[in-house]
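# A look at the structure
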Amino acid sequence: MKRNSKFPDLTSVKAPLSEASFLPSEYYGNDMHFLREKTTILQRNWIVVGRWEQVENTGDYFTIDLFEEPIVIVRDQNNTVKALSNVCRHRAAAVAQGSGNTKHFVCPYHQWNYKLSGEFNGAPAMERATDFTKEECGLDEFPVMEWQGFIFVNLSKTAKPLDLTEVDDYIRPFHLSELKRLEPIRYDCPWDWKISSENVMEFYHYPGVHAKTVGGLFDINNSIDAEYEDSLLAVGGENLYALGRGKPYIFAMQASQNSLITPGIPAFEVPESLANKQVGVHVFPNISLIITPNFTVWPHFIIDNANSHRLEYNILVHPDLADKPEFSGIREYFREMIQAIHDEDMPVLKQVAKGLKSANHTPGRLSHLELVIWLFHTWMLEELG
Ligand code: FES
Ligand SMILES: [Fe+2]
């Protein structure tokens, strides 16, 4: 299929994994497609925005733009985490900037004032405005869901909470909800967010891209016998993929040659069977977690538009490791290690973004090690309708 064909053929994307090809390049870095993706996927599904510890106390808040929709996340006076529109009801300035702690939000433009719950709380020089109804001047609000310490927002306003109890059963030993995040490592990525997201979903690229860091930890040839069926997906050897096709989440596990536990650092104790496991959890569309016994890596894709997202690599650790001064060396070591790994990814992702704009590109075939990407693509096509 050529890049300039008007209607990409999706038959091969929907085919069984052993026959499947990647999404056509029209789905990447394309403003028209992004608009469709935004209205059918991004604005209708639960999008991760942050962690509980960012709004631990009453009045704590942080701002985030979701596909250019300004949002402020805040813990209000009733101890409830809220997602409010960060757009003033007067003339649309932002009522909150960055992050911090406040008693109320005061718009910097003309000083309209809002409670932490978003209710209107007063405005100067409005007494001559007739029929000015304060109750109608509160900040807009979006549904919020908390899962394992992560805060999700849904822009559709009619969303049902995601049921992730099946995933909880697998990851309970890692105590994710109690972990705390270290200062993230930030990258500006001028390309389609799916390029970055798909990269963290597969470990096919580990031996090549990560040869100098973690490439040798995982033996990808230990999983050459791929088998899958609708309800359970399994890749042979010691690697196991579980949870089936058609679900909005994936649980994947890969085994290292050795234990991944670093002795002497604060971490929740995991059963022996998980000591050498790296667990991938992907809740579509935009949360991916790489969970190990020492720490969890959460690459947060903050999506702007078809050709821009910010990638924040968060490292979540045991609260003692996050807070105690004596572990500052370990914290720095973890950050440097994660940064080294992802500095290896970045140049390749840049090349992929460029290659996908080539007029000569046709979608390639998938390896069985790209199972999660295949599930992501088939899920996405269902959502696009
Ligand atoms: S825009 Fe906020 S007070 Fe005028
Ligand atoms: Fe990578």
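First, a word on scope: everything that follows refers to the structure included in this document. Residue positions are counted from 1 within each chain, in the order its sequence is given. All chains are assigned letters beginning with A, and all ligands numbers beginning with 1, in the order in which they are written. Owing to the predicted nature of the model, reporting of local features is limited to residues with pLDDT of at least 70; listing and counting of side-chain atom pairs is limited to 80 or more, with chain, interface and lining totals taken over all residues. Side-chain measures here rest on the full set of heavy atoms in the structure, leaving out hydrogens and waters.

## Re the coordination of the iron ion (ligand 2)
Filter applied, for reference: The donor set covers N, O and S atoms within 2.8 Å of the metal, switching to 3.2 Å for Na, K and Ca, and it leaves out water, so a site may look short of donors. A four-donor site is called tetrahedral if each angle lies between 85 and 135 degrees; a four-donor site is square planar, and a six-donor site octahedral, when trans pairs exceed 155 degrees and the remaining angles lie between 65 and 115; all other cases are labelled irregular. Helix numbering and strand numbering both begin at the N terminus, where a helix is a DSSP run of H or I of at least 4 residues and a strand a DSSP run of E of at least 2. Note on classification: 1.4 Å probe, protein chains only; a residue is buried when its accessible area is under 20% of the maximum for its type, exposed when over 50%, partly exposed between these limits.
Only His-205 (NE2), His-210 (NE2), Asp-345 (OD) and Asp-345 (OD) from the protein coordinate the iron ion (ligand 2), and they sit 2.1 to 2.5 Å from it. Geometry at the iron ion (ligand 2) is irregular, judged from the 4 donor atoms that bind it and their angles of 55 to 145° at the metal. On the primary sequence, the residues serving as donors to the iron ion (ligand 2) are separated as H-x4-H-x134-D. With a gap of 135 residues between them, His-210 in the loop between α5 (206-209) and β14 (226-228) and Asp-345 in helix α7 (residues 328-355) connect regions that are remote in the sequence. Like His-210, the residue Asp-345 is buried in the burial classification.

## Some points on helix α8 (residues 371-384)
Just so we agree on the cut-off: Multiply 1.5 Å by the residue count of a helix minus one, and that product is the helix's expected span.
Spanning 14 residues, α8 covers 20 Å between terminal C-alpha atoms, matching the ideal 20 Å at 1.5 Å per step. Following α8 by one or two positions, Gly-385 adopts a phi angle in the positive range, close to 80°.

## As for the nonpolar core
Nonpolar side chains in soluble globular proteins generally cluster together in the buried interior. Applied cut-off: Working definition of a nonpolar core: buried Ala, Val, Leu, Ile, Met, Phe, Trp, Tyr and Cys residues. They are joined through side-chain atoms within 4.5 Å. Here the limits of each domain have been adopted from an automatic or database domain assignment. Here, residues are in contact when the closest pair of their heavy atoms is within 4.5 Å.
Counting residues in each nonpolar core, the largest one holds 76 residues, and the members touching the most others are Leu-66, Ile-73 and Tyr-313. With 10 residues, α8 is the largest single contributor of residues to this core. Both of domain 1 (47-153) and domain 2 (165-384) provide at least three residues apiece to this core. If we ignore the near neighbours within four places in the chain, the residues touching Leu-66 are Ile-47, Val-49, Ile-71, Val-153, Leu-155 and Ile-303. The next biggest cluster of nonpolar side chains, apart from the first, holds 23 residues, and it includes Trp-147, Phe-152, Val-167 and Phe-174.

## A short note on the pattern of salt bridges
A pair can form between side chains of opposite charge whenever their charged atoms are brought close. We apply this condition: The salt bridge definition used is simple: a Lys or Arg side-chain nitrogen within 4 Å of an Asp or Glu carboxyl oxygen.
The full count for this structure, using the stated rule, is 10 salt bridges. A salt bridge links Arg-186 to Glu-312; its shortest N-O distance comes to 3.1 Å. Of the two residues, Arg-186 sits in strand β13 (residues 185-189) while Glu-312 sits in strand β21 (residues 308-317), which places them 126 residues apart along the sequence. What emerges from the salt-bridge pattern is a single network uniting Glu-37, Asp-192 and Lys-194.

## Points about unusual backbone geometry
Residue Phe-284 is joined to Pro-285 through a cis peptide bond whose omega torsion reads 5°. Its location among the elements puts Pro-285 in the loop between β18 (277-283) and β19 (287-291). We note that Ala-125 has phi near 55°; this positive angle belongs to a residue other than glycine. Along the chain, Ala-125 turns up in the loop between β8 (120-122) and β9 (141-142). Despite not being glycine, Asp-131 has its phi angle at roughly 50°, a positive value. The topology assignment puts Asp-131 in the loop between β8 and β9.

## Regarding the pairing of strand β4 (residues 81-85)
Heads up, the condition is: DSSP bridges decide pairing: two strands pair if at least two such bridges lie between them.
Taken across its 5 residues, β4 has 5 buried, putting it largely inside the fold. Every second residue of β4 is oriented toward a common face, with Val-81, Ala-83 and Ser-85 on one face and Lys-82 and Leu-84 on the other, all of them buried. Direction of pairing for strand β3 (residues 69-75) relative to β4: antiparallel, over a ladder of 5 bridges. Within the sheet, the bridge partner assigned to Ile-73 lies in β4 and is Ala-83. The antiparallel pairing of β3 with β4 creates a hairpin that spans 5 residues between the two strands, and Asn-79 there sits at a positive phi of about 70°.

## Thoughts on the sheet that holds strand β10 (residues 144-147)
The condition that has to hold: For helices, the axis comes from a line fit to the C-alpha atoms of the stretch in contact; other axes are also lines fit to C-alpha atoms, and the angle between any two N-to-C directions lies between 0 and 180 degrees.
As summarised here, the arrangement of the 3 strands in space is β1-β11-β10, forming an open sheet in which the pairing is antiparallel. The outermost strands of the open sheet, each flanked by one partner alone, are β1 (47-51) and β10. Averaged over all adjacent pairs, the angle separating strand axes in this sheet is 30°, with direction ignored. Judged from the 4 bridges that link them, β10 and strand β11 (residues 150-153) form a sheet pairing that is antiparallel. Counterpart to Met-145 in the pairing with β11 is Phe-152.

## Describing the packing of aromatic side chains
For clarity, the cut-off: Pairing of aromatic rings covers Phe, Tyr and Trp, the last through its six-membered ring, and needs centres within 6.5 Å; plane angles under 30 degrees mean stacked, over 60 mean edge-to-face, and all others mean tilted. Whether a charge sits over a ring comes down to the Lys NZ or Arg CZ being within 6 Å of the ring centre and within 35 degrees of the ring normal.
Applying the stated criterion across every chain yields a total of 15 aromatic pairs. Consider the rings of Phe-120 and Phe-132, whose centres lie 5.7 Å apart with planes at 80°: the pair is edge-to-face. Taken together, the residues span a long stretch of sequence, with Phe-120 in strand β8 and Phe-132 in the loop between β8 and β9 at a distance of 12 residues. Phe-132 gets classed as partly exposed once you look at its relative accessible area, which sits at 28%. With 6.3 Å between their ring centres and 25° between their planes, Trp-147 and Phe-150 make a pair best called stacked. An aromatic cluster is defined as three or more aromatic residues linked by ring pairs; in this entry it consists of Trp-112, Tyr-114, Phe-120 and Phe-132. The ring of Phe-150 carries Arg-51 above its face, with NZ or CZ at 4.5 Å from the centroid. Of note, Lys-194 hangs over the ring of Tyr-28, and the distance from its end group to the ring centre comes to 5.1 Å.

## Some points on the sheet that holds β9
Strand order in the open sheet formed by 5 strands is β5-β2-β3-β4-β9, with antiparallel pairing between adjacent strands. Both edges of this open sheet fall to β5 (99-101) and β9, since each of them pairs with a single strand only. Where β4 and β9 come together, 2 bridges link them in antiparallel fashion. Bridge pairing links Leu-84 to Glu-141 in β9.

## A short note on the pairing of β18
Counting buried residues along β18, 7 of its 7 residues qualify, which places the element largely inside the surrounding structure. With burial as the criterion, each face of β18 is covered, one bearing Lys-277, Val-279, Val-281 and Val-283 and the other bearing Gln-278, Gly-280 and His-282. Of the strand pairs in this sheet, β18 and β19 are connected by 5 bridges, and their pairing is antiparallel. Bridge pairing in β19 links His-282 to Ser-288.

Purely geometric numbers; function is a separate question.
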